[in-house]
Amino acid sequence: MSTAAAKPATAAAPAASAAAAGGAKGGAPAKGAAPAAAAKPKKAGPGIVPPALANCPINLGRLRDANRDALAALLDVSKTPKTLVVDPKLTGPLSLTVDASFYQAHQVEKMIHFKPEMHFDTPTVIFLLRPKVFLTQQVVNSVTASLGGSISFIVCFVPRRTMFCEKILEEGNVYRRISIMELNLDIIPFDETILSFEFTDDHRERRIDGDLTTLFYVAGGIMKLQSMYGLIPNIMCLGPHARSVCEMILRMRKELPEDQSVAPEIDSIIILDRDIDMVTPMLTMLTYEGRIDEQFGIVNNSIELPYEVVVSSKEGQPEPPPNTKVRFQLNNNDRVFAEMRNMNFSAVGKALSKKAKDIDQFYKSRHDANTVCQIRDFMKKLGPTQAEHTALRVHAAVADMIGKEIKNPEHGEHLYTEQTLISGPEEEGWQDTLLEKYIATKEPLPKVLRLLILHSLTRGGFTQKELLSIKQEIVHAYGFGAMFTLDNLELLGLLRPQETKDNPFDILKKLLSLYSPNPNEETPEDITYIYSGYAPISARLVELVLTEGWASERMNAVMQIIPGEPHTITQELPRGTHYVPPTHSEAIDLGTGNPPRLAVILVVFLGGMTFGEHAALRFLSKKYHCEIIAVTTKLLTGTTLVESWMENLPVFTPSGVAQHE
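## Section: the overall build of the chain
- Secondary structure summary: the chain contains 24 helices and 16 strands in total.
- Counting the 661 residues in the chain, one finds 53% classified as buried.
- Residue pairs in contact within the chain that sit at least 24 positions apart in sequence constitute 78% of those at least 6 positions apart.

## Description of the confidence of the model for the chain
- For the chain, the average pLDDT comes to 86, and 87% of its residues sit at 70 or higher.
- Across residues 1-46, confidence stays below pLDDT 50; counting only partners more than four residues off in sequence or on other chains, it has 116 contacts.

## So, the packing of aromatic side chains
- Applying the stated criterion across every chain, the model contains 15 aromatic pairs.
- Aromatic side chains F199 and Y217 sit 6.0 Å apart centroid to centroid with 45° between the ring planes, which places their arrangement in the tilted category. Here F199, found in the loop between β7 (194-196) and α6 (202-207), pairs with Y217, found in helix α7 (residues 213-229); they are 18 residues apart in sequence, far enough to count as distant.

## Points about unusual backbone geometry
- In this structure, P159 follows V158 across a cis peptide bond, with omega equal to 0°.
- For Q107, which is not a glycine, the phi torsion comes out positive at approximately 60°.
- Among the structural elements, Q107 can be located in the loop between α3 (100-105) and β2 (108-113).

## Considerations on the pattern of salt bridges
- Here the structure, examined in full by the defined rule, presents 37 salt bridges.
- Here E205 ties to K132 by a salt bridge, and the two come within 3.2 Å at their closest N and O atoms. Here E205 is found in helix α6, whereas its partner K132 is found in the loop between β3 (124-129) and α4 (133-145), with 73 residues between them in sequence.
- With a relative accessible area of 28%, K132 lands in the partly exposed category.
- Note that R335 and E388 form a salt bridge whose closest N and O atoms lie 2.6 Å from each other. Highlighted residues: R335 in helix α12 (residues 335-340) and E388 in helix α14 (residues 372-407), separated in sequence by 53 residues.

## Topic: empty space enclosed by the protein
- Counted according to the given criterion, the structure contains 1 cavity of 30 Å³ or more.
- The space that makes up the largest cavity amounts to roughly 50 Å³.
- For the largest cavity, the full set of lining residues is L283, T284, L286, L415, E418, Q419, I422, Y531 and Y534.

## Topic: the packing of helix α21 (residues 537-547) against helix α23 (residues 611-623)
- Where α21 meets α23, the axes come as close as 9 Å, and the angle between the chain directions of the two elements is 20°. In terms of orientation, α21 lies roughly parallel with respect to α23. In the packing of α21 onto α23, the handedness of the crossing is right-handed. Residue-level inspection shows S538, A539, V542 and E543 of α21 in contact with α23, the latter providing E613, A616, L617, L620 and K623.

## Overview of helix α5 (residues 163-171)
- Among all positions in α5, only C165, E166, I168 and L169 are buried. Take α5 and look down its axis: the buried residues cluster within an arc of 155°, on one side only. Pointing more than 90 degrees away from the buried face of α5 are the exposed residues M163, F164 and E171.
- If you follow the buried residues of α5, they end up packed against α4, β4 (152-157) and β5 (178-182).

## So, helix α20 (residues 504-511)
- Of the residues making up α20, those classed as buried are F505, L508 and K509. Looking straight down α20, one finds its buried side chains confined to an arc of 105°; they lie on one side.
- Its side-chain oxygen placed 3.1 Å from the backbone nitrogen of F505, N503 serves as the N-cap of α20.

What counts and how
Residues numbered from 1 in each chain as written. Predicted model: local features only at pLDDT ≥ 70, side-chain atom pairs only at ≥ 80, totals over all residues. Heavy atoms only, no water. Helix = DSSP H or I, 4+ residues; strand = E, 2+ residues; numbered from the N terminus. Buried < 20%, exposed > 50% of the residue type's maximum accessible area, 1.4 Å probe, protein only. Contact = heavy atoms within 4.5 Å. pLDDT = per-residue confidence, 0-100. Phe/Tyr/Trp six-rings, centres within 6.5 Å; stacked < 30°, edge-to-face > 60°. Salt bridge = Lys/Arg side-chain N within 4 Å of Asp/Glu carboxyl O. 1 Å grid on protein atoms, 1.4 Å probe; cavity = no way out; pocket = protein on both sides within 12 Å on 5 of 7 lines; lining within 4 Å. Points joined across faces, edges and corners; volume = space filled by probe spheres on them. Axes fitted to C-alpha atoms, helices over the stretch in contact; angles between N-to-C directions. Parallel < 35°, antiparallel > 145°, perpendicular 65-115°, else oblique. Left-handed = near helix turned anticlockwise from the far one by under 90°. Arc of directions from axis to C-beta. Polar contact = N/O pair within 3.5 Å; in protein donor to acceptor, adjacent residues only side chain to side chain.

Below you can see the structure in the form of structure tokens.
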């Protein structure tokens, strides 16, 4: 953690009574809105704990430990009781890094979110925030309101401070009253094969606002991985911003005093711009994890469910208030979820049934335990099996709720329309599609835009007459504010007029075999099972690199359609570095008796990744005998991505006027 302190604050006042630090949902207020109030007390139900990271291709626990150590160093700057004021959008990454006991061990008596008015009763107050103007201004207001007291203020920017934020502190006349620090909490292990920067609106900032700051942070995060896991020999990138990150990595490496001879544990890194594949996030995800994200919204590896679904009612236990929600964790700590997360939802029912029979069979096996050794073995497995039993009950309820949604005729019509756009021949008259119905019935604007973008990308755009008609209908239905959002979509090239008779998506579909009419969804043989016939473009490109490399004839043909040229770099390892190349077989090395060393590949998504794409990467890692770790700037759905492009203007919805990010 790099630190840069200003003049130290004055001595502290006596501490007030302690208050328990509470967790809160990792979401945050809409852009331009006031941040949430104090963090809510922890809700009843299972506790949210960081993922175990037990079966990672590389030891990601070291990365999490480094983040913990950096946070501990920040909190230990002051040895007095303290209040931690947290940017709401940092709550989630923090919950994936440390648990509640960590804060208690470092004398954090209160943990609250930013809000317009804050009052403090501890000797030390630490503000933990992203370098955002409205948050920095709230720091100024809070410190100014507390002048005359003896509270020590520490302002810590994550991952780095900016000159603009420092200027706000100076103009607010609080710069000399605070200590300024930085916390390099940039890249967070979400699960065994997922790392995320959790940037807010990363794609919008780069492509609409013209702010490329996140590219620097991504390059810094990759350098951090190289410092811990060794230099990555092969770097491949696709897309203009991907190439920019690659060039930043090379510059950062040159600025280091000398390379450390750390044996490389990562063999290759593939950096992809989100812009090379905008079709995939617009489609409804059909894996179990993807369906959960679409319907419930996965926030920092957890979802909100009704109390009665998660918590078993016990006799004499008081009933919670109506409509009480609790958070339920989703990661590989849950063995039931780990087995089903990447399945197509059509196969989940059988998987749940099989798991229930296996658990029942285990319970019955207690009657066969007659010896001390048998009883001991049974008891050793009892705890994990009971945990699976509890998880199975919750997942059965979740699957039932998803199943009801799928059986809804309107939802079925939506999925059929998506499949038709991906697979079917050109239909005459877009006005007769589901899109026109959505606009006429004033469905939520993100839902309309998601289907509109998919139609535009898969059909090669609209005629000028159709485009004008679409804009008029949307503005008429949702208000003039929607025009600014439509302008953004045109800027991104997602809403565009037809330029040629040849449909680029149809050409790409043939080159990459993006569609299969009858995929095997229960025992899949190809990644087309994930979207019931469609293979994500991003995953197909990774597969093409694994099988044919960047310089193949097919890749060259693909590059004529996809934006950006591929770029590859081979990094020369420092002298004395011991590097063992990966094997290309599952066979045991007969010379040493050791298992094979599979290639470890990082696939970096600039602009976000869906859980459907992650499922595709997991399938490819098994198919081609390698280990793929997904690194993303944000985990997203098509809806959250579309919402990030929308302007913060009043837009008509069926319930009235709403603010969209």
